[in-house]
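# Geometric and topological summary
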Amino acid sequence: MSVEIATSAIRTQNFRKTLGRLDIVLLSISAIIAIDTVAQIAAGGGAEAFTWTLVIGITFLLPYALVVAELGSAFHEEGGPFVWVRLAYGKLAAAISTMFYWITNPLWMGGSLVFISAATWNAYISPLPDGSPVDLLFKVAFIWIAIATAIVGLQYGKHIVAAGGIVKVALLVIFVVTVVVYAAKNGVHGYAVGDFSPTVGGFLAVTPVILFAVVGFEAPNGAAEEMRDPQKDVPRAVATSGLVSILCYLVPIFAILAVLPAEKVQGASGLLDAFKEVFTVYGAASGPLMFIAALLFVFVVLTQASAWMIASDRVQAAAGADGAFFRYFGKFSPRLGTPVRMNLLSGIIATVFCVAATLLLKGGSADVFTVVLTVAISTLLLSYLVIFPTVIALRKKYPDVHRPFRVPGGRAGLWVCTVVIYAWVGLGSWVAVFPGTLEGVLGVKYDFVDTWGVDRGTFETFTIGTLVVITVLAVVGYLSERRRPGYAPEDPATASAADLEAVAAQAREA
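All of these numbers come straight from a predicted model, not from anything done at the bench.

### As for the overall build of the chain
In terms of helices and strands, the chain carries 19 helices and 0 strands. Here the chain holds 510 residues, and 58% of them are scored as buried. Sequence separation of at least 24 residues holds for 83% of the intrachain contacts in the chain that already meet a minimum separation of 6. Carbon and sulfur atoms form 68% of the exposed surface of the chain, whose accessible area is close to 19,100 Å².

See the structure below:
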């Protein structure tokens, strides 16, 4: 038995079966391994960051992979996470969770990834003064190259993203090998063994960042109907990409902490700082090698953005096709097979956010803008609070659907995995939205103003305000489609032939 969202105009689209198992693995690696956060994790938690990454890898990444393997292989319509929530809880819940899932990515690209890339270019490749016209040109070009990769079609875009995934892993492998050479020649200068002992303060400091960094197993299912054999390939791809991803976090984080003294681990720049330090073993060749590494780093970050645009734009487009968002954005290009309108919307949002960030971060609004950006990118974690429980709801609601892979351990195993990963994202979401509250309860020192640059009242005003705006946008899109002719009923099983024809006609006109 298979399940379709009968009322969705996504059924009127034509998809090319272009993703094989290796493509899914590389798309997952491109999405999951956030190379820009590797050093940020190390900087945020010090030596403890390695310990907590290992703990989260075992207790979150593993059960998360199992849950997504079941969902992705059993319910494989285009739109992935939207489809799962839509089938489990209805259109309104899917509209809101999908908006939170999607909006993270254009804001992350326009508010974080472009800045990391521009700073790398300025430091290691060619001068790029912050806020200058050439700086803005670089950032805007970065955004639209990433969007173009998502627009051109998976038969072409997948090769660009795959190249980014391969280069990403290769860069990290080269770094780790060079660290070994460096250590043999110069010794190490990082943390003592005792510094790796976990503490509550370190745990609360790095949990949201680590969780944000390691999610993404479900991303390829945004293009589920473009997979050749999702029932067989999704579980195996999840297993492969999961193993590669956790190693690509643990080993480089340990290497950074070993090479750089604690005071020199500086957030996003830390990885390239570590590259620069260890490349000294290559003598006169270190300069040219650093130039190449910086170019490859920018390329990797670009393809990382592209991977999430390819995935999340399809998820939001599926919501549009089903009338859970403005149906105008649910149209896929017949020629390219991509949600071009949704891609363009993401590009516009990222560009506006990028320009705003470039201007505001230079003035007195910098701290407030940083708060809004931090909350905006944490919405991805909030979306999982709705997505993860669908595995239990769908087991109960659609017991006869063929599941090529099931979370092991029967019903108990399913509940344990779901509760554990739900607890992790619940904790991560709380710490991101209400920082400092758990520290106060647990007696951990936390200077709110020193950490955020604003007082708690200002922080929470902008935090809650940002989340409310995103929720209102989702609800407005949902309600606007309810009032249009041909609106589809909530329960797919109650859709009449007239309903389906009206939806299909509306999609053709769009």
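Back to the write-up after that little detour.
### Observations regarding the packing of aromatic side chains
Scanning all chains against the criterion turns up 23 aromatic pairs. Taken together, the aromatic side chains of Phe60, Tyr64, Tyr101, Phe217, Trp308, Tyr384 and Phe388 make up a single cluster linked through ring pairs.

### Notes on the side chain of threonine 98
Secondary-structure assignment places threonine 98 in helix 5 (residues 91-124). Apart from residues no more than four positions distant in its own chain, threonine 98 is found in contact with Phe82, Val315, Gln316 and Ala319.

### A few points about the environment of phenylalanine 291
With respect to the helices and strands, the residue phenylalanine 291 is situated in helix 11 (residues 286-321). For the pair phenylalanine 291 and serine 126, spaced 165 residues apart in sequence, the C-alpha to C-alpha distance is 9.6 Å. Non-local contacts of phenylalanine 291, meaning those with residues more than four positions away in its chain, are made with Tyr124 and Ile125.

### Concerning a nonpolar patch on the surface
Where nonpolar side chains cluster on the molecular surface, the patch consists of Tyr282, Leu289, Phe291, Ile292, Leu295 and Leu296 and spans about 450 Å² of accessible area. Examined against the element boundaries, isoleucine 292 turns out to sit in helix 11. Residue classification places isoleucine 292 among the partly exposed residues on the basis of a relative accessible area of 45%.

### Points about the nonpolar core
Of all hydrophobic cores here, the largest spans 150 residues; its most connected members are Phe60, Tyr64, Met109, Phe175, Leu271, Phe275 and Tyr384. Ranked by the residues each element gives to this core, the list is headed by helix 11, at 17 residues. With residues up to four places along the chain from it excluded, the contact list for phenylalanine 275 reads Leu171, Phe175, Met290 and Ala293.

### Quick look at the pattern of salt bridges
Opposite charge on two side chains allows them to pair when their charged atoms are near. The tally for this structure, following the rule as stated, stands at 10 salt bridges. Between lysine 158 and aspartate 23 there is a salt bridge, with the nearest N and O atoms lying 3.1 Å from each other. Residue lysine 158 is located in helix 7 (residues 154-186), and its partner aspartate 23 is located in helix 1 (residues 21-32); the two are separated by 135 residues in the primary sequence. Among the salt bridges present, the one from glutamate 70 reaches arginine 403, with a minimum N-O distance of 3.3 Å. Taken as a pair, glutamate 70 in helix 3 (residues 48-74) and arginine 403 in the loop between helix 14 (390-397) and helix 15 (410-433) lie far apart in primary sequence, 333 residues in all. Accessibility assignment for this pair places glutamate 70 and arginine 403 in one class, buried.

### Things to note about the packing of helix 5 against helix 6 (residues 133-151)
Closest axis-to-axis distance for the helix 5/helix 6 pair is 10 Å, and the angle between their directions is 120 degrees. In terms of their interaxial angle, helix 5 and helix 6 are classed as oblique. The crossing of helix 5 and helix 6 is right-handed. Residues Met109, Gly110, Leu113, Val114, Phe115, Ser117, Ala118 and Trp121 of helix 5 form the contact with helix 6, whose own contacting residues are Asp135, Phe138, Lys139, Phe142, Ile143, Ala146 and Ile147. Classifying every residue of the contact of helix 5 with helix 6 gives 11 nonpolar, 2 polar and 2 charged.

### Topic: the side chain of threonine 379
Mapped onto the secondary structure, threonine 379 falls in helix 13 (residues 366-387). Judged by relative accessible area, threonine 379 falls into the buried class, the value being 0%. Residue contacts for threonine 379: discarding those within four places in its chain leaves Phe100, Ile103, Thr104, Leu467 and Ile470.

### A closer look at the confidence of the model for the chain
Predicted confidence across the chain gives a mean pLDDT of 82, with 85% of residues reaching 70 or more. Ranking the elements of the chain by mean pLDDT puts helix 19 (residues 497-509) last, at 45, and helix 14 first, at 94. Below pLDDT 50 for its whole length, residues 489-510 participates in 41 contacts with residues either more than four positions away or in separate chains.

### Section: the packing of helix 7 against helix 11
Taken N-terminus to C-terminus, the directions of helix 7 and helix 11 make an angle of 135 degrees; their axes are 8 Å apart at the nearest point. Overall, the two elements helix 7 and helix 11 adopt an arrangement that is oblique. In terms of crossing hand, the pair formed by helix 7 and helix 11 is left-handed. Residue-level contacts link Leu154, Ile160, Val161, Ala163, Gly164, Val167, Lys168 and Leu171 of helix 7 to Ala293, Leu296, Phe297, Phe299, Val300, Thr303, Gln304, Ser306, Ala307, Ile310 and Arg314 of helix 11.

### Notes on helix 8 (residues 200-214)
Its 15 residues place the ends of helix 8 21 Å apart at the C-alpha level, agreeing with the 21 Å of an ideal helix rising 1.5 Å per residue. At valine 206, helix 8 is bent by approximately 40 degrees, the largest bend along its length, and proline proline 208 sits one to four residues beyond. Within helix 8, 11 of the 15 residues are buried, which leaves the element mostly enclosed by the surrounding structure. Buried within helix 8 are the following residues: Gly202, Phe203, Leu204, Val206, Thr207, Pro208, Ile210, Leu211, Phe212, Ala213 and Val214. Within two residues after helix 8, glycine 216 carries a phi angle of roughly 140 degrees, on the positive side.

The rules behind the values
- Residues numbered from 1 in each chain as written.
- Predicted model: local features only at pLDDT ≥ 70, side-chain atom pairs only at ≥ 80, totals over all residues.
- Heavy atoms only, no water.
- Helix = DSSP H or I, 4+ residues; strand = E, 2+ residues; numbered from the N terminus.
- Buried < 20%, exposed > 50% of the residue type's maximum accessible area, 1.4 Å probe, protein only.
- Contact = heavy atoms within 4.5 Å.
- Areas by Shrake-Rupley, 256 points an atom, 1.4 Å probe, with all protein chains shown as cover.
- Phe/Tyr/Trp six-rings, centres within 6.5 Å; stacked < 30°, edge-to-face > 60°.
- Patch = residues over 30% accessible without salt bridge, like charges linked within 9 Å, V, L, I, M, F, W, Y side chains within 5 Å.
- Salt bridge = Lys/Arg side-chain N within 4 Å of Asp/Glu carboxyl O.
- Core = buried A, V, L, I, M, F, W, Y, C linked by side-chain atoms within 4.5 Å.
- Axes fitted to C-alpha atoms, helices over the stretch in contact; angles between N-to-C directions.
- Parallel < 35°, antiparallel > 145°, perpendicular 65-115°, else oblique.
- Left-handed = near helix turned anticlockwise from the far one by under 90°.
- Nonpolar A, V, L, I, M, F, W, Y, C, P; charged D, E, K, R; others polar.
- pLDDT = per-residue confidence, 0-100.
- Expected span 1.5 Å × (residues − 1).
- Bend = angle between axes of the 7 residues up to and from the residue.

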